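Here is what each chain is made of, one letter per residue.
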Amino acid sequence: MAQAMRPNTVGGLFATDGKPHPLQDTLLAVTLVLGVTAFVTAMFHNLHLLSSWTGLVGILTGAYGQWVSETTRERFGLILGLGASAVGFFLGMAHGGLFGGVIS
């Protein structure tokens, strides 16, 4: 029964190794916010500039976050943000693209 007496040494919500990861947590939060923004705005045809740009930036921050992530929990959240960013980016590109309507 020694395992029942083991204290919880988790340092943060996403850090399963007990160490703080401020850069990775920040990249995770930014990727998730950009992904949700890109996904939601992609549902509106006239917001293609916002959805395509936030999707693109979300993909880039998520890719860098995957590169420097250290725990599985961080990677799981980054994959969710990357998926939402990619869907928002591709739908934004289909609706008019990064510069559609601005350069005519």
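Just so it is clear, the structure is predicted and the values come from calculations on it, not from any experiment.

A.B. asks: Before we move on, can you summarise the overall build of the protein with the specific residues and values?
C.D. replies: A count of helical and extended segments in the protein gives 3 helices and 0 strands. Listed by position from the N terminus, the elements making up the protein come as α-α-α. In the protein, of all internal contacts separated by at least 6 residues, the share reaching a separation of at least 24 is 75%. Taken as a whole, the protein presents about 6500 Å² of accessible surface, with 73% of it coming from carbon and sulfur.

A.B. asks: Any details on the environment of Gly92? Residues and values, ideally.
C.D. replies: Here Gly92 shows up in helix α3 (residues 72-95). Along the backbone, Gly92 and Asn46 are 46 residues apart, and their C-alpha atoms lie at a distance of 9.3 Å. Sequence-distant contacts of Gly92, defined by excluding residues within four places in its chain, comprise His48, Ser51, Ser52 and Gly97.

A.B. asks: Can you tell me about the environment of Val30, naming the residues and giving the values?
C.D. replies: Position of Val30 relative to the elements: it lies in helix α1 (residues 22-41). For Val30, a relative accessible area of 35% corresponds to the partly exposed category. Through-space distance from the C-alpha of Val30 to that of Thr61 is 7.5 Å; in sequence the pair is 31 residues apart.

A.B. asks: Describe in detail the confidence of the model for the protein, supporting the description with residues and values.
C.D. replies: Summary statistics for the protein give a mean pLDDT of 87 and a share of 82% for residues scoring 70 or more. The secondary-structure element of the protein with the lowest mean pLDDT is α3, recorded at 94, while helix α2 (residues 48-68) shows the highest, at 96.

Here is what the cut-offs are and how they apply
Residues numbered from 1 in each chain as written. Predicted model: local features only at pLDDT ≥ 70, side-chain atom pairs only at ≥ 80, totals over all residues. Heavy atoms only, no water. Helix = DSSP H or I, 4+ residues; strand = E, 2+ residues; numbered from the N terminus. Contact = heavy atoms within 4.5 Å. Areas by Shrake-Rupley, 256 points an atom, 1.4 Å probe, with all protein chains shown as cover. Buried < 20%, exposed > 50% of the residue type's maximum accessible area, 1.4 Å probe, protein only. pLDDT = per-residue confidence, 0-100.

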